[in-house]
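A structural walkthrough
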Amino acid sequence: DTLYILTAARSQAKELARSFDRGFTWRAVQCPANTNTASFPGCYFSNTMNGGYLGDLAGASSTTAFAAGGRNDVLVTRDGGTTWSETNPVIGDMDSGTTGLFFANAEDGWVISGATGTANEGLWRTTDGGNAWSPAWTAGPGSQL
């Protein structure tokens, strides 16, 4: 069982570690080349990983994990945390963000997008480990997620 932990403050380098033994021991995920800066310890995993706030982190497998948070899109890694990108389609926005990220198993997951007033707002679901996401419920006009 693989566990992930990700820490940082908004717009700062992130530190990521993984455990392959249910949390008994942890290993830091190494930064991609040329991402350390002298003023901030940790990693800049990608430009998409440096904005917003960290909220939820869900590991779907030993190499795949998803991150969500305030003022953030849902992000995915498929290489154990070395690189991160937005989901396709992009879920969330930099104003309202995302929350409630949950995976019941390696295939079935949900997340809430608070992208108010857009087609992106509402509850999203995946049934294939995050390869494809679709709206499970869309908020109506004037709703407040």
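Check the entry above for the structure.
Every chain begins its residue count from 1, and numbering advances along the sequence as written. It should be noted that, the model being predicted, local features are given only for residues of pLDDT at least 70 and side-chain atom pairs only at 80 or more, the latter also being counted only at that level, while totals for whole chains, interfaces and linings use all residues. Think of the side-chain values as coming from all heavy atoms in the structure, minus any hydrogens and water.

**What about the sheet that holds strand β10 (residues 122-126)?**
Strand pairing requires that DSSP identify at least two bridges connecting the strands. Segments assigned H or I by DSSP are reported as helices when at least four residues long, segments assigned E as strands when at least two residues long, and all are numbered from the N terminus. Spatial strand order, β8-β9-β10-β11: 4 strands in an open sheet with antiparallel pairing. The strands lining the two open edges of the sheet, one partner per strand, are β8 (98-103) and β11 (134-138). Recorded for the sheet is a direction-independent mean angle of 20° between the axes of neighbouring strands. Pairing of strand β9 (residues 109-113) with β10 involves 5 bridges; the strand directions are antiparallel. Its bridge partner being in β10, S113 is matched across the sheet by G122. Orientation is described by axes fitted as lines to C-alpha atoms, over the contacting stretch for helices, and by angles from 0 to 180 degrees between their N-to-C directions.

**Let's talk about the pairing of strand β4 (residues 56-59)**
Taken together, the 4 bridges between β4 and strand β5 (residues 65-68) define a ladder with antiparallel strand orientation. Each bridged residue has a counterpart across the sheet, and for D56 the counterpart in β5 is A68. A loop of 5 residues connects β4 with β5, the two strands running antiparallel in sequence.

**Points about a nonpolar patch on the surface**
Patch criteria: residues need more than 30% relative accessible area and no salt bridge. Like-charged residues are merged within 9 Å; nonpolar side chains of Val, Leu, Ile, Met, Phe, Trp and Tyr are merged within 5 Å. All accessible-area figures derive from a Shrake-Rupley calculation using a 1.4 Å probe, and residue coverage is judged against the displayed protein chains alone. We define a salt bridge as a contact between a side-chain nitrogen of Lys or Arg and a carboxyl oxygen of Asp or Glu at a distance within 4 Å. A grouping of L3, I5 and W26 is seen on the molecular surface, where their side chains present a nonpolar patch of about 260 Å² in accessible area. Mapped onto the elements, W26 comes out in the loop between β2 (15-19) and β3 (27-28).

**A short note on the pairing of β10**
Of the pairings in the sheet, the one linking β10 to β11 comprises 4 bridges and is antiparallel in character. What sits directly across from L123, in β11, is W137.

**A word on the pattern of salt bridges**
When their charged atoms lie close together, side chains carrying opposite charge are able to pair. Tallied over the full model, the rule gives 1 salt bridge. Across the pair D108 and R125 runs a salt bridge, and its minimum N-O distance is 3.9 Å. Of this pair, D108 sits in the loop between β8 and β9 while R125 is found in strand β10, placing the two residues 17 residues apart along the sequence.

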